[in-house]
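# Working through the structure, step by step
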Protein chains: 2
Amino acid sequence: MDRRSVVKGAGIASVLAAGLAACGKKEDATPVAPAAPVAPAVSTGSEIRWRLASSFPKALDTIYGAAETFAKKVGELSGGKFTITVHAGGELMPAGGVLDGASNGTVEMAHTAPYYFFGKDPTFALDCAIPFGLNSRQMTAWMYQGNGLKLTREFYAKVGIVNFPMGNTGAQMGGWYRKEIKSVADLNGLKFRVGGFGGKVLAKLGTVPQNIPGGEIYTALEKGTIDAAEWVGPYDDLKLGFNKVAPFYYYPGWWEGGPQLSLYVNQKAYEGLSAEYKAIVECAAAFAHTEMQAKYDAKNPAALKTLVGQGVKLRPFPNDVLGAAFKAAQEVYKELNDTNPAWKKIYDDYSAFRRESNLWFRFTEAKFDSFMQSQKL
Amino acid sequence: MDRRSVVKGAGIASVLAAGLAACGKKEDATPVAPAAPVAPAVSTGSEIRWRLASSFPKALDTIYGAAETFAKKVGELSGGKFTITVHAGGELMPAGGVLDGASNGTVEMAHTAPYYFFGKDPTFALDCAIPFGLNSRQMTAWMYQGNGLKLTREFYAKVGIVNFPMGNTGAQMGGWYRKEIKSVADLNGLKFRVGGFGGKVLAKLGTVPQNIPGGEIYTALEKGTIDAAEWVGPYDDLKLGFNKVAPFYYYPGWWEGGPQLSLYVNQKAYEGLSAEYKAIVECAAAFAHTEMQAKYDAKNPAALKTLVGQGVKLRPFPNDVLGAAFKAAQEVYKELNDTNPAWKKIYDDYSAFRRESNLWFRFTEAKFDSFMQSQKL
């Protein structure tokens with residue numbers, strides 16, 4: 001796929017940049033562009049036609065594709081009576097405007113990465129990813145069988161939205177760097193295109209987070225206007241060709257260890273559904289949730305091999321970087337616990353789950369994986 | 001839960017023991033007990049009533065529970081018109097007889113661990129778990145987005161079954177041992193209650209695999225008739241109290257790094273379903289698939305803490321045990337590749353996926369997890 005055709009749209013990271021303009025605290029004064037005028041949702045008997053606003057461009061077949069899978073399954077499950085049309089970011093409203101869109105009923109549904117809305121309230125990020133948070137499997141366990149879905153639904157009820165887990169990218173990469181990062185000192189003054197909580201924590205280490213739209217990252221890296229940029233992982237990154245202008249590819253993306261995407265359903269619209277259609281929404285979202293992670297897991301390996309074959313220098317972040325970032329993240333969480341009761345209520349449960357889960361995963365899962373990863377297979 | 005109430009039923013491992021009697025090569029001469037006479041499946045218009053034979057006892061709420069979740073979701077998705085009754089192992093047919101039951105249409109559906117049928121053909125195990133195989137996430141990726149579902153469906157078509165992934169336990173534990181395992185030499189002569197491929201590989205190291213029904217394991221361990229026994233993981237194991245008679249709890253369960261359960265649907269019955277009901281089966285199974293892994297991930301941590309609090313001695317297998325077992329497993333796979341074309345066709349794809357996947361997972365996922373597991377959270 002041509003890089004230009006991708007960067008014209010907004011990727012997961014560039015959407016964040018766009019989203020901030022729409023929903024960041026500082027920019028709250030900027031009015032969200034009104035949604036394009038659209039035909040009202042049609043609901044005749046059991047025939048329903050709904051619209052889903054995605055925060056993503058069609059070129060991100062992984063994430064945008066999850067909403068398409070969801071819509072397809074809803075159609076199949078309902079014998080074609082429940083139709084959902086999927087609209088790419090920017091088509092009906094700005095990519096960062098979908099929270100408001102689903103909240104006020106401009107659309108019945110949205111698909112997004114909730115941490116885009118951390119500027120409104122950092123609590124949204126707990127339904128997606130926070131630095132040094134839960135990995136993909138842990139996030140699904142917390143949502144489905146811990147208190148995750150219950151607690152985040154209480155939070156979303158305040159904005160008239162019912163949320164469903166719908167996709168996870170798995171642990172993302174730590175981004176593309178023009179120069180090697182040898183220690184935490186190299187982060188000081190680094191102009192790094194990164195969004196959300198990652199930026200908030202990195203700023204404590206002297207990094208200068210940059211808010212650059214997706215289409216301008218390549219050129220900014222090439223010209224040296226920025227020193228580094230993060231995107232997603234090998235499969236999505238390969239399309240953008242960052243490796244040609246920033247050869248060092250770092251891991252792990254500690255600010256996104258298992259980011260979950262969410263389906264938003266306008267609460268009033270949801271409550272108007274029959275029990276059958278409610279179940280259809282839930283199960284189609286679960287199918288798309290599982291399939292999206294599977295897609296990343298199946299597609300990332302070959303993409304990484306291609307990148308390494310093109311001379312990419314794959315590097316782990318030095319331990320002092322991870323240690324300092326972890327410490328800075330705990331400071332941020334302490335501040336939020338002290339000032340934001342909505343955050344504290346969910347974070348207390350989230351962090352207890354994370355602690356217990358990591359205690360268990362370090363034994364049989366970690367030992368099995370590390371042994372397998374060390375073998376010639 | 002009382003240990004006796006559990007062991008009266010058949011757990012995942014004891015079912016294997018029972019299953020072998022029904023479907024093992026050696027026992028093929030033993031006729032499978034005929035299914036209890038039952039009313040024929042009712043199908044009036046779009047109202048359908050089907051039966052699902054589980055290989056598991058109700059006491060295994062994790063695995064048996066996945067079939068109940070599936071049936072509940074099918075009911076909800078169909079507005080109550082598609083009803084599935086779930087029957088525990090032994091209720092309609094022996095736990096190990098469900099492959100035949102779904103194949104010949106005695107029941108429309110079964111829920112089982114396909115490696116129980118490795119005696120009929122080891123190829124069945126590739127739809128579940130083989131020693132040093134795929135972990136849970138990798139297995140789901142291979143099934144949903146690799147060639148796993150396509151290839152295993154071709155294989156199952158020969159016995160008139162359509163298979164769907166429906167649950168995974170995650171990496172299991174390596175079992176309970178009366179004495180410490182200090183090196184691979186300690187496996188020589190060890191009387192170990194273990195089933196399936198694990199036993200086949202362990203036999204190459206001098207271990208004497210034991211085939212003991214679930215209800216007799218505790219007493220056998222207590223009396224020293226056997227030296228060790230494997231079951232599932234902390235949550236399921238805790239109920240059985242093995243720690244009182246075998247204090248050493250080893251990990252990882254290298255013969256079950258991510259065992260997947262499968263839903264079997266009789267092919268003719270499946271083909272008679274409308275497109276809508278076919279989608280309902282697929283999505284309800286996907287929901288149960290994801291929820292079952294989430295349940296284990298949410299419940300195992302507390303159970304492990306309880307066990308450790310009761311004095312269980314948690315130990316990793318020594319490296320020479322893993323190394324020797326890995327080598328022995330490769331010998332088994334080489335033999336199968338040379339003699340079983342059905343196995344070879346699927347294993348070639350499976351092992352290529354495993355190789356590529358582990359290459360990728362060793363970077364950002366492993367680094368993120370190992371860092372998190374080493375922190376005070």
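Since this is a predicted model, take the numbers as computed values, not measurements. (Residues numbered from 1 in each chain as written. Chains lettered and ligands numbered in written order. Predicted model: local features only at pLDDT ≥ 70, side-chain atom pairs only at ≥ 80, totals over all residues. Heavy atoms only, no water.)

To continue, consider helix 13 (residues 341-361) of chain B. Residues and elements named next belong to chain B. Between its terminal C-alpha atoms helix 13 stretches 30 Å, which fits the 30 Å expected from 21 residues at 1.5 Å a residue. Listing the buried residues of helix 13 in full gives Trp343, Ile346, Tyr347, Tyr350, Ser351, Phe353, Arg354, Ser357, Asn358, Trp360 and Phe361. Near the N-terminus of helix 13, the side chain that reaches the backbone nitrogen of Ala342, with its oxygen 3.1 Å away, is that of Asn340. (Helix = DSSP H or I, 4+ residues; strand = E, 2+ residues; numbered from the N terminus. Expected span 1.5 Å × (residues − 1). Buried < 20%, exposed > 50% of the residue type's maximum accessible area, 1.4 Å probe, protein only. Polar contact = N/O pair within 3.5 Å; in protein donor to acceptor, adjacent residues only side chain to side chain.)

This part takes up the relation of the copies chain A and chain B. At an RMSD of 0.0 Å, chain A and chain B line up after a rotation of 180° and a shift of 0.0 Å along the axis. Those values place the two copies in the arrangement expected of a two-fold rotation axis. Among all residues of chain A, the one whose C-alpha sits closest to the rotation axis is A:Cys283, at a distance of 2.9 Å. (Least-squares fit on C-alpha atoms with pLDDT ≥ 70 in both.)

Interfaces are often described in size by the accessible area the parts lose on coming together. Across the boundary between the two partners, chain A contributes 72 residues, which contact 72 residues of chain B. In total, about 6,800 Å² of surface goes out of reach between chain A and chain B, with carbon and sulfur atoms giving 69% of it. Three residues, A:Trp360, A:Phe368 and A:Gln373, lead the burial of chain A against chain B; their summed loss comes to 11% of the area buried on that side. Inspection of the region where chain A meets chain B yields six salt bridges. A:Asp297 is the partner of B:Arg137 in a salt bridge, and the nearest nitrogen-oxygen pair spans 2.7 Å. Across the contact surface, chain A and chain B share 16 residue pairs in polar contact (both at pLDDT 80 or more). For the side of chain A that touches chain B, the elements supplying multiple residues, two or more each, are helix 3 (63-77), helix 5 (136-145), helix 11 (275-309), strand 12 (313-316), helix 12 (319-339), helix 13 (341-361) and helix 14 (364-373) of chain A. Partitioning the side of chain A that touches chain B into residue classes produces 33 nonpolar, 22 polar and 17 charged. (Contact = heavy atoms within 4.5 Å. Buried area = accessible area lost by both parts, 1.4 Å probe. Salt bridge = Lys/Arg side-chain N within 4 Å of Asp/Glu carboxyl O. Nonpolar A, V, L, I, M, F, W, Y, C, P; charged D, E, K, R; others polar.)

What follows covers unusual backbone geometry. All names here are of chain A. Of the consecutive residues Tyr251 and Pro252, the connecting peptide bond is found in the cis state with omega at -5°. One can find Pro252 in the loop between strand 10 (248-251) and strand 11 (260-266). Positive phi is not limited to glycine here, since Phe132 has a value of about 55°. Residue placement: Phe132 occurs in the loop between strand 4 (109-112) and helix 5. A relative accessible area of 0% places Phe132 in the buried class.

The next point concerns the pattern of salt bridges. In this structure the tally under the stated criterion is 37 salt bridges over all chains. The shortest N-O distance in the salt bridge between B:Glu154 and B:Lys150 comes to 3.5 Å. Placement of both B:Glu154 and B:Lys150 in helix 6 (residues 148-157) is noted, with a separation of four residues, approximately one turn of the helix. A relative accessible area of 52% means that B:Lys150 is categorised as exposed. It is possible to trace a salt-bridge network through shared partners that takes in A:Lys72, A:Lys73, A:Glu76 and B:Glu282.

Spatial relationships are all this shows, so hold off on functional conclusions.
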